[in-house]
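Structural overview
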Amino acid sequence: MACYAALLHQPPASPSPCTSGRVGSCRVRPPPLLQRRAPPLSVRARISPRCSYAAAGESAGAGAGEQPAAALRRVLGTPGAHQAPACYDALSARLVERAGFRACFTSGFSISAARLGLPDVGLMSYGEMIDQGRLITEAVSIPVIGDADNGYGNCMNVKRTVKGFIKAGFAGIILEDQVSPKACGHTQGRKVVSREEAIMHIKAAVDARKESGSDIVIVARTDSRQALSLDEALWRARAFADAGADVLFIDALASREEMMVFCAVSPGVPKMANMLEGGGKTPILSPLELEEIGYKIIAYPLSLIGVSMRAMEDALVAIKGGRIPPPSSLPSFEEIKDTLGFNRYYEEEKRYVASPAQSSFGSGNYDCTSEASSSGDTKSRTEKSQEPIIDILPQLYDPGSAGGRGPSGGMWSRTLRLKITGRDGVQKIDARIPAGFLEGMTKVIPGPGWNKYHGKASECTYGFGQPPERADTA
């Protein structure tokens, strides 16, 4: 505890201009670290597509064309301690953005609970976290910091994890120094890897970032406060900063004094606070108090999953009792639709509504009009516009066929291909019809074909201007 005591009683840092390149070393000028020059466009990481159905004006996140990491660095470069609730799926992330927060975390604890229904004891895999993370980043435009546990293996695994999180659209990544299988830092039995291995993991993460042409924010976490001691946690935090970490995080600090000591370490690097709700080891302080201590970003890991669990339990009790949840705890259907973006979806959908199918001269369609309606009165035209489109294709007649040599063979060998397409574009009929059957067809489909009710055939004009032969049926 010698290190702890020495740091706690250090005089306040001089307000002279900073020499460090990292944020938080002074309040005189903007932090250079968080204003890294963006990588060239040719090597920038792919950004996951963002959902466009969120309510207009609800996002305070990345600007048009801004990389997720750049958006997060912009947030960290502004004054104050920034709150970032932890989400666990796309809906909870959408709600965080809708509430006006400028960033959010993913919580491994909450994702394990929501996705597996199991405790956070290392059961979630890399693939499952990437899959869940991609859905989250695609649902919002605010920067998301992803919980990557311990990197899922050795240094090579850490590199793959960092690159995977970049491709999934994360703005930041949290890497911790627990052994596998890891678990929540506020639970019992925490164990950490050696100092050397922990530092190499951070160096591997920095290398992976460079190789990807990305600027993802690396949050280095140590769980050695509960596993070993506060002095060890402070030593590791310094070493992580020297290895290239952008943000430092000691989990499960036990008092306000310990939090103050931590924030005095590597003053040029932003500090992350973890306000584990409901009875964790770290005291719950207000954002203003945390800012005064020296924190830059604040995570709330269990609020959303916790209230969701309680709300679902209460709703199930109500349903089991023959009731439904009260209006105070149940949003209206319209509110639910608005949150999910139904209205925005409907507005966008209107841009792609196809016009009704139309018959045209060049498409091989035919305009069939009976002589009785050739006067072209307005009423007939109006009625016709509601009728389906009827295509009568050229006759298929093989004069050399056996059927064409008999006394009435010509009539039966002559066929028309009848295609009827509804005004909605859906094909209704596509059939080849012998001429001898046309009389019967006129009873089913009035108008097209040969009308025997008037004692003569209606005139069918082909789209190419050639009338067909008349088929007399005795």
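Residues numbered from 1 in each chain as written. Predicted model: local features only at pLDDT ≥ 70, side-chain atom pairs only at ≥ 80, totals over all residues. Heavy atoms only, no water.

By the naming in an unreviewed UniProt entry, the chain goes by Isocitrate lyase and is assigned to Aegilops tauschii subsp. strangulata.

Thoughts on the sheet that holds strand β1 (residues 82–87)
Where strands meet in a sheet, backbone hydrogen bonds hold them as pairs that are either parallel or antiparallel. Operational definition: Strand pairing follows a simple DSSP-based rule, namely that at least 2 bridges must link the two strands. Runs of H or I in DSSP of at least four residues are treated as helices and runs of E of at least two as strands, each being numbered from the N terminus. What counts as an axis is a line fitted to C-alpha atoms, over the stretch in contact for a helix, and the angles between N-to-C directions run from 0 to 180 degrees. Only heavy atoms matter for contacts: two residues are in contact if any of them lie within 4.5 Å across the pair.
The parallel open sheet is built from eight strands, whose spatial order is β6-β5-β4-β3-β2-β1-β8-β7. The open sheet has two edge strands with one neighbour each: β6 (247–250) and β7 (272–274). Pairs of neighbouring strands in the sheet enclose a mean axial angle of 25°, with direction left out of account. Along the sheet, helix α9 (residues 230–243) makes contact with β5 (217–222) and β6, crossing β6 at roughly 165°.

Things to note about the pairing of strand β4 (residues 172–175)
Our working rule: Three exposure classes are used, based on accessible area relative to the maximum for each residue type with a 1.4 Å probe and protein chains only: buried under 20%, partly exposed in between, and exposed over 50%. Place the viewer so that the strands point away; then a crossover is right-handed whenever the path from the first strand over the helix to the second strand goes clockwise.
Neither face of β4 is exposed, since G172 and I174 on one face and I173 and L175 on the opposite face are all buried. Across three bridges, the pairing between strand β3 (residues 144–147) and β4 is parallel. By the bridge assignment, I145 is partnered in β4 with G172. At this point the chain moves from β3, through helix α6 (residues 155–167), to the parallel β4, and the crossover so formed is right-handed. In the sheet, β4 pairs with β5 via four bridges, with the strands oriented parallel. Across the sheet, G172 pairs through a bridge with V217, a residue of β5.

Some remarks on the pairing of β3
Taking every second residue as pointing to the same face, both faces of β3 are buried, with V144 and G146 on one and I145 and D147 on the other. Two strands pair when backbone bridges link them, and strand β2 (residues 104–106) and β3 are joined in this way by two bridges, in the parallel orientation. Note that in β3 the partner of F105 across the bridge is I145.

Some words on unusual backbone geometry
Residue P181 is bonded to the preceding S180 through a cis peptide linkage, with omega at -5°. For P181, the position within the fold is in the loop between β4 and α7 (195–212). Although it is not a glycine, D149 sits at a positive phi angle of roughly 50°. Among the structural elements, D149 can be located in the loop between β3 and α6. Overall, the relative accessible area of 5% leaves D149 in the buried class. Although it is not a glycine, Y152 sits at a positive phi angle of roughly 65°.

Let's talk about the confidence of the model for the chain
Going by this rule: Known as pLDDT, the predictor's per-residue confidence is scaled from 0 to 100.
Looking at the chain as a whole, the pLDDT averages 77, with 64% of positions reaching at least 70. Throughout residues 358–376 the model reports pLDDT below 50, and contacts reaching past four residues in sequence, or to other chains, amount to 30 contacts. Across residues 395–408, confidence stays below pLDDT 50; counting only partners more than four residues off in sequence or on other chains, it has 20 contacts.

Let's talk about helix α12 (residues 303–320)
Where we set the bar: One less than the number of residues in a helix, times 1.5 Å, gives the span that helix is expected to have. In this context, the arc is that of the directions from the helix axis out to the C-beta atoms.
A rise of 1.5 Å per residue sets the reference length of α12, with its 18 residues, at 26 Å; its end C-alpha atoms lie 26 Å apart and thus fit the reference within 8%. If you check which residues of α12 are buried, you get I305, A315 and A318. The buried residues of α12 occupy one face: seen down the axis, they fall within an arc of 150°. When the buried face of α12 is taken as reference, the exposed residues oriented beyond 90 degrees from it are R310, L316, V317 and K320. Buried residues belonging to α12 abut α4 (108–116). Looking at the residues trailing α12, positive phi occurs at G322, about 85°.

Things to note about empty space enclosed by the protein
Short version of the rule: In this analysis, the protein atoms alone were mapped onto a 1 Å grid. Cavities are point sets where a 1.4 Å probe fits without being able to get out; pockets are open sets with protein on both sides within 12 Å along at least five of seven lines; lining residues have an atom within 4 Å of a point. Grid points are joined across faces, edges and corners, and a volume is the space filled by probe spheres set on the points.
For the coordinates displayed, the defined rule picks out seven cavities of 30 Å³ or more. Taken as a whole, the largest cavity encloses approximately 240 Å³ of empty space. Lining the largest cavity are 22 residues, with S107, D147, R221, N274 and P301 sitting closest to its centre. Those elements giving two or more residues to the lining of the largest cavity turn out to be β2, α4 and β7.

Some thoughts on the packing of aromatic side chains
The condition that has to hold: Stacked, tilted and edge-to-face are the three classes applied to pairs of Phe, Tyr and Trp rings, where Trp contributes its six-membered ring and a pair requires centres within 6.5 Å; stacked means planes under 30 degrees apart, edge-to-face means over 60, and tilted covers the rest. A ring is scored as having a charge over it whenever the NZ atom of a lysine or the CZ atom of an arginine sits within 6 Å of its centre and within 35 degrees of its normal.
Within the structure shown, the criterion is met by five aromatic pairs. Geometrically, the ring pair formed by F262 and Y295 is tilted, given 6.1 Å between the ring centres and 55° between the ring planes. Of the two residues, F262 sits in helix α10 (residues 256–264) while Y295 sits in the loop between α11 (287–293) and β8 (297–300), which places them 33 residues apart along the sequence. Here the aromatic rings of F342 and Y346 are separated by 6.1 Å at their centres, their planes lie at 55°, and the arrangement is tilted. With a gap of four residues between them, F342 and Y346 both fall in helix α14 (residues 342–349), about one helical turn apart. One aromatic cluster in this structure is built from F342, Y345 and Y346. The residue whose ring lies beneath R195 is W235, and the NZ or CZ to ring-centre distance is 3.8 Å. When the ring centre of F262 is taken as origin, the NZ or CZ atom of K271, which lies over that ring, is 6.0 Å away.

Regarding the side chain of S214
Condition: Whenever a nitrogen or oxygen atom comes within 3.5 Å of another N or O atom, the pair is scored as a polar contact, on the condition that within protein one atom can donate a hydrogen and the other can accept it, and that pairs from neighbouring residues in sequence are kept only if both atoms are in side chains.
By the secondary structure assignment, S214 is in the loop between α7 and β5. You can call S214 buried: its relative accessible area is 15%. Reaching out from S214, the side chain makes a polar contact with the backbone nitrogen of I216 at a distance of 3.1 Å.

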